[in-house]
Amino acid sequence: MGGGNVVNAGKTLKKDALEKYEMASLNAIKNQVLNGKAAMPSFKGRLSATQIDDVAAYVLEQSEKGW
Ligand code: HEM
């Protein structure tokens, strides 16, 4: 909730964390959702390309707003 990360507390969806881990771009977020990373599962085959585009845009927009 609110951009937090219950699995890896440092890697939140908040703007400062996204920038710190060079994740504050649509492409970086889309790649993360598509391929997963560490304890984050891949959504390949579970979300369509459009859904991944939409969720990446949502995460970036919310991070700019401060969630
Ligand atoms: C479509 C839904 C999801 C989106 C858009 C999403 C997005 C992201 C993004 C952008 C990051 C990078 C955060 C950063 O570096 O500050 C991240 C990291 C992470 N996410 Fe997700 N996530 C999703 C679903 C999940 C789910 C379902 C889980 C766990 C069950 C999860 C677990 C994690 C973990 C553990 C990390 C840190 C990975 C690492 O060590 O680098 N995510 N997520």
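Look up a bit, the structure's there.
What you see as residue numbers is a count from 1 along each chain, following the sequence as written. The predicted origin of the model limits local features to residues at a pLDDT of at least 70 and limits the giving and counting of side-chain atom pairs to 80 or more, whereas totals for whole chains, interfaces and linings rest on all residues. Side-chain numbers here rest on the full set of heavy atoms in the structure, without hydrogens or water.

Q: Report on the packing of helix 2 (residues 26-35) against helix 3 (residues 49-65), specifying residues and quantitative values.
A: Taken N-terminus to C-terminus, the directions of helix 2 and helix 3 make an angle of 125°; their axes are 9 Å apart at the nearest point. Of the possible angle classes, the one that applies to helix 2 and helix 3 is oblique. Between helix 2 and helix 3 lies a crossing of right-handed hand. Facing Leu-26, Ile-29, Lys-30, Val-33 and Leu-34 of helix 2, the residues of helix 3 in contact are Ile-52, Asp-53, Val-55, Ala-56, Ala-57, Val-59 and Leu-60. Each residue belonging to the contact of helix 2 with helix 3 can be placed in one class, and the counts come to ten nonpolar, no polar and two charged. Lines fitted to the C-alpha atoms define the axes, with helices restricted to the stretch that makes contact. Angles between their N-to-C directions range from 0 to 180 degrees. For the purposes of this entry, the term helix denotes a DSSP run of H or I that reaches at least four residues, the term strand denotes a run of E that reaches at least two, and both are numbered from the N terminus. Orientation is classified from the angle alone, with under 35 degrees giving roughly parallel, over 145 giving roughly antiparallel, 65 to 115 giving roughly perpendicular, and any other angle giving oblique. Less than a right angle of anticlockwise turn of the near helix away from the far helix marks a crossing as left-handed, whereas a clockwise turn marks it as right-handed. Working rule for contacts: check all heavy atoms of both residues, and any pair within 4.5 Å makes them a contact. Side-chain classes are defined by residue name, with Ala, Val, Leu, Ile, Met, Phe, Trp, Tyr, Cys and Pro counting as nonpolar, Asp, Glu, Lys and Arg as charged, and the others, Gly among them, as polar.

Q: Go over the nonpolar core with me, naming the residues and quoting the values.
A: What makes a nonpolar core is a set of buried Ala, Val, Leu, Ile, Met, Phe, Trp, Tyr and Cys residues whose side-chain atoms join them at distances within 4.5 Å. With a 1.4 Å probe rolled over the protein chains alone, any residue whose accessible area is under 20% of its type maximum counts as buried; one over 50% counts as exposed, and the rest are partly exposed. Listed in full, the nine residues of the largest apolar core are Leu-18, Met-23, Ala-28, Ile-29, Val-33, Ile-52, Ala-56, Val-59 and Leu-60. Put simply, the parts of the chain that give this core at least two residues each are helix 2 and helix 3. Counting residues per element, this core draws most heavily on helix 3, which supplies four residues.

Q: Just give me the short version of the coordination of the iron atom of the ligand, but keep the residues and values in it.
A: Ideal values differ by geometry: the angle at a metal is 109.5 degrees with four tetrahedral donors, but 90 or 180 degrees with six octahedral donors. Metal coordination here is assigned from N, O and S atoms located within 2.8 Å of the ion, or within 3.2 Å for Na, K and Ca; omission of water means that sites may look incomplete. Protein coordination of the iron atom of the ligand is limited to a single donor, Met-40 (SD), which sits 2.4 Å from the metal. Checked against the element boundaries, Met-40 lands in the loop between helix 2 and helix 3.

Q: Please set out helix 2 residue by residue, giving values where relevant.
A: Three- or four-residue spacings in an α-helix give side chains the same orientation, since the helix completes a turn every 3.6 residues. Of the residues making up helix 2, those classed as buried are Ala-28, Ile-29, Gln-32 and Val-33. Viewed along the axis of helix 2, the buried residues span an arc of 130°, placing them on a single side of the element. Packed against the buried residues of helix 2 are helix 3. At the exit of helix 2 stands Gly-36, carrying a positive phi of roughly 70°. The arc under discussion is defined with respect to the helix axis, by the directions toward the C-beta atoms.

Q: I'd like a description of the packing of aromatic side chains, backed by residues and values.
A: We call Phe, Tyr and Trp rings a pair once their centres come within 6.5 Å, taking the six-membered ring for Trp, and we label the pair stacked below 30 degrees between planes, edge-to-face above 60, and tilted otherwise. Across all of its chains, the model carries one aromatic pair by this definition. Ring geometry for Tyr-58 and Trp-67: centres 5.8 Å apart, planes at 75°, overall edge-to-face. We classify Trp-67 as partly exposed; its relative accessible area is 27%. We count a charge as sitting over a ring when the NZ of a lysine or the CZ of an arginine lies within 6 Å of the ring centre and within 35 degrees of the ring normal. One residue, Arg-46, lies across the ring of Phe-43, its end atom 4.6 Å from the ring centre.

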